[in-house]
Amino acid sequence: VQLQASGGGLVQAGGSLTLACVASGTLFGINTLGWYRQAPGKRRELVAAIPYSGGRIEYAESVKGRSTLSRNYAKNTVDLQMNNVKPEDTAVYYCNAHARRASGDRDYWGQGTLVTVSS
């Protein structure tokens, strides 16, 4: 599984950002697609995720109401739009694919894209 992420950069507080991720390769067994983030000195945390074939989207409480995760099944993409960004949204954002196979669960990660929110 390969995950190619794009987007991010420097954003002013109150502005918006869009992160895009394309999944390719052997996608058999992929259970969910989504985005995580890791701020300096903190653990990596879920931002939003969707079941691979669609369904209920899970959002972190900290981004709920101002973020939208969208899935394009034809292009195998999962995009994250975040509005009204805050300095605490500053982090490296990672695209994630979670696989659930008979051999066990496995997480695949994109290369990470830095988002910096200036106040």
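Right, let's walk through the structure included here. These numbers come from a predicted model, not from an experiment.

A closer look at the pattern of salt bridges
No. 1: Enumeration over the complete set of coordinates arrives at five salt bridges.
No. 2: Three or more residues joined by partner-sharing salt bridges are found here, namely Arg 37, Glu 45, Arg 66 and Asp 89.

What to know about the nonpolar core
No. 1: Core analysis: the biggest nonpolar cluster contains 31 residues, and Ile 30, Trp 35, Val 78, Leu 80, Met 82 and Tyr 93 have the highest contact counts within it.
No. 2: Mapped onto this core, the elements with two or more residues apiece are β1 (2–7), β3 (17–24), β4 (30–38), β5 (45–51), β8 (77–82), β9 (91–101) and β11 (113–118).
No. 3: Sorting elements by how many residues they give to this core places β9 first, with five residues.
No. 4: Excluding anything up to four places from it in sequence, Leu 80 contacts Leu 17, Thr 18, Leu 19, Trp 35, Val 47, Ala 48, Ser 67, Thr 68, Leu 69 and Tyr 93.

Some points on the sheet that holds strand β7 (residues 67–72)
No. 1: With respect to topology, four strands assemble into an open sheet ordered β1-β3-β8-β7, the strand pairing being antiparallel. The sheet terminates laterally at β1 and β7, the two strands that pair on one side only. Neighbour-to-neighbour, the strand axes of this sheet turn through a mean angle of 15 degrees, independent of strand direction.

Parameters at a glance
Residues numbered from 1 in each chain as written. Predicted model: local features only at pLDDT ≥ 70, side-chain atom pairs only at ≥ 80, totals over all residues. Heavy atoms only, no water. Salt bridge = Lys/Arg side-chain N within 4 Å of Asp/Glu carboxyl O. Core = buried A, V, L, I, M, F, W, Y, C linked by side-chain atoms within 4.5 Å. Buried < 20%, exposed > 50% of the residue type's maximum accessible area, 1.4 Å probe, protein only. Helix = DSSP H or I, 4+ residues; strand = E, 2+ residues; numbered from the N terminus. Contact = heavy atoms within 4.5 Å. Pairing = 2+ DSSP bridges. Axes fitted to C-alpha atoms, helices over the stretch in contact; angles between N-to-C directions.

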